[in-house]
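Tertiary structure, described
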Amino acid sequence: MTGGRALQAIHFITINYHCSDFIIGLIEHTFASGDPDLHFIVVNNSPRDAGLRHWLPSTPNRQRVTLIEAGGNLGFGSGCNLGLAHVWQTDRQAVAWLINPDARLDAGAIAYVRQCLRDDERIALLGTRIRDPQGDVWFSHGSFNRWTGQLGHRFPGDDCRPLPVRTWPTRWISGCSLIFRLGVLRDCPQFDPRYFLDYEDADICERHHRLGYRLRVTQAVLVEHQVSAITQRAPRAKYQHATFSKLYFLHRHATPLALLLNLIYYAVRPLSFCLSDPERARGRWWGLGDYLRWCWRRLLRRPEPPHPRTSFTVSS
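Keep in mind the model is a prediction, meaning the values are calculated, not measured.

As a further point, take the nonpolar core. Ranked by internal contacts, the top residues of the largest apolar core, which has 81 residues, are Phe12, Trp97, Leu98, Ile99, Leu125, Phe180 and Leu185. A per-element tally of this core places helix H4 (residues 109-119) first, with six residues. Apart from residues no more than four positions distant in its own chain, phenylalanine 12 is found in contact with Thr30, Leu38, His39, Phe40, Ile41, Trp97, Ile99, Leu105 and Ile110.

A few words now on the environment of cysteine 295. Positionally, cysteine 295 belongs in helix H8 (residues 278-300). Between the alpha carbons of cysteine 295 and tyrosine 248 there is a distance of 9.5 Å; along the sequence they are 47 residues apart.

Glancing now at unusual backbone geometry. Here the residue pair leucine 163 and proline 164 is connected by a cis peptide bond, since its omega of 0° sits within 30 degrees of zero. Mapped onto the elements of the fold, proline 164 is located in the loop between strand E9 (150-152) and strand E10 (167-169). The backbone phi angle of histidine 18 is positive, close to 55°, even though this residue is not glycine. Summarising the element assignment, histidine 18 is placed in the loop between strand E1 (10-16) and helix H1 (20-31). Phi at arginine 301 takes a positive value of approximately 60°, unusual for a residue other than glycine.

Time to look at the packing of aromatic side chains. The tally for this structure, following the rule as stated, stands at 11 aromatic pairs. Judged by centre distance (4.9 Å) and plane angle (65°), the ring pair of tyrosine 195 and tyrosine 248 falls under edge-to-face. Of this pair, tyrosine 195 sits in the loop between strand E11 (177-181) and helix H5 (200-210) while tyrosine 248 sits in helix H6 (residues 235-253); the two residues are 53 residues apart in sequence, bridging distant segments of the chain. On the basis of relative accessibility, which here comes to 8%, the residue tyrosine 248 falls in the buried class. Taking NZ or CZ as reference, arginine 64 lies 4.2 Å from the ring centre of phenylalanine 31, over its face. Sitting over the ring of tyrosine 239, lysine 238 keeps its end group 5.2 Å from the ring centre.

Okay, the packing of helix H7 (residues 256-268) against H8 next. Running from N to C, H7 and H8 point in directions that differ by 140°, and their axes come no closer than 9 Å. Judged by the angle between their axes, H7 and H8 are oblique. Every residue of H8 that contacts H7 at Leu259, Leu263, Tyr266 and Ala267 is listed here: Arg284, Trp285, Leu288, Tyr291 and Leu292. Tallied by class, the residues present in the contact of H7 with H8 amount to eight nonpolar, no polar and one charged.

Looking now at the confidence of the model for the protein. Per-chain confidence: the protein averages 92 in pLDDT, with 94% of residues scoring 70 or above. Here residues 1-5 scores under 50 on pLDDT; set against residues more than four positions off or in separate chains, the count is 11 contacts.

Quick look at the side chain of aspartate 290 now. Relative to the elements of secondary structure, aspartate 290 occurs in helix H8. Classification of aspartate 290 as buried rests on a relative accessible area of 10%. A polar contact is formed between the side chain of aspartate 290 and the side chain of arginine 293, at a distance of 2.7 Å. For aspartate 290, the contacting residues outside a window of four places in its chain are Gln240, Phe244 and Pro308.

A separate point is the state of the cysteines. Taken as a whole and judged by the stated rule, the model has zero disulfides. A disulfide-free cysteine, cysteine 80 has its sulfur positioned 11 Å from the sulfur of cysteine 176, the nearest such atom. On the basis of relative accessibility, which here comes to 0%, the residue cysteine 80 falls in the buried class. In this structure cysteine 176 comes out as buried when scored by relative accessible area, which is 3%.

Looking now at the pattern of salt bridges. The full count for this structure, using the stated rule, is 16 salt bridges. For glutamate 69, the salt bridge goes to arginine 53, with nearest N and O atoms at 3.1 Å. Here the residue glutamate 69 occupies a position in strand E3 (residues 65-69), and arginine 53 occupies one in helix H2 (residues 51-55), the gap between them amounting to 16 residues. Judged by relative accessible area, glutamate 69 falls into the partly exposed class, the value being 38%. One connected set of salt bridges, linked through shared partners, spans Asp192, Asp203, Arg207 and Arg252.

This paragraph deals with the pairing of strand E2 (residues 38-44). E2 sits mainly inside the fold: six of its seven residues count as buried. Both E1 and E2 contribute to a ladder of seven bridges, which runs parallel. Pairing of phenylalanine 12 across the sheet is with phenylalanine 40, part of E2. Running through H1, the crossover from E1 to the neighbouring parallel element E2 is right-handed.

Definitions and limits used
Residues numbered from 1 in each chain as written. Predicted model: local features only at pLDDT ≥ 70, side-chain atom pairs only at ≥ 80, totals over all residues. Heavy atoms only, no water. Core = buried A, V, L, I, M, F, W, Y, C linked by side-chain atoms within 4.5 Å. Buried < 20%, exposed > 50% of the residue type's maximum accessible area, 1.4 Å probe, protein only. Helix = DSSP H or I, 4+ residues; strand = E, 2+ residues; numbered from the N terminus. Contact = heavy atoms within 4.5 Å. Phe/Tyr/Trp six-rings, centres within 6.5 Å; stacked < 30°, edge-to-face > 60°. Lys NZ or Arg CZ within 6 Å of the ring centre and 35° of its normal. Axes fitted to C-alpha atoms, helices over the stretch in contact; angles between N-to-C directions. Parallel < 35°, antiparallel > 145°, perpendicular 65-115°, else oblique. Nonpolar A, V, L, I, M, F, W, Y, C, P; charged D, E, K, R; others polar. pLDDT = per-residue confidence, 0-100. Polar contact = N/O pair within 3.5 Å; in protein donor to acceptor, adjacent residues only side chain to side chain. Disulfide = S-S within 2.5 Å. Salt bridge = Lys/Arg side-chain N within 4 Å of Asp/Glu carboxyl O. Pairing = 2+ DSSP bridges. Right-handed = clockwise from strand over helix to strand, strands pointing away.

This is the structure:
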């Protein structure tokens, strides 16, 4: 690591998309830890949601909260890019911690993360293990099989004891709780803007893995996440973006065999639930169509729209 203070500033970055109540609760809950070196950057992807603008002047921690107006819904990755660029320009030795609005840190999580970073100065990207509201581990560590295209994130055999404080290898980290140690990175980390929702975290981790950076995940479960509490409001759009993003990820990082297997899977698998869950089936098929159209436009060298058109991309 290149110098820096013993106690580095932590800049939390979170994205607002019509969830200001979640974010206000997240900020107040996090600042209650008492750590004086915490800051929040909120990227507002929903200009019509004025909740944060009304709340910010009244909070006693307003000097430690920065609100960045995106001007529209840029998606998760592009929204995070604005926050990451802000931290990179402000404090090159800081820690940038992406955190979902519907997540909450356990007591002691910040101290645990600081200890992990002190114990291993080579860590560039650090993730925390995550549980759902039922107490089940939702993210344990990430794996990626480039021959089949499988991305794993739950492994019941993983040691999740809170002590000792240590980290384990991971191929990718959930964007719900993803920490960048800027002091060891040569360039400002940036998500691929082609992803609108889902798999952008696996992509940025895979790129840093290939560059030789050290990726780790905490042994302890430190974050609780209300999985899909926000995106489930529009299930068809959610599955449409997820399907396009998965195929795009495989296009970039997996073998042609893996891509072919997944193309067949997304064409056939929705048949089994098209009657019981039609919104999910339509989302899967539309996402498959979005990917095929992207490939066709790319082949013809025609301008490509920034993202597939859904209720998320056309409304902010």
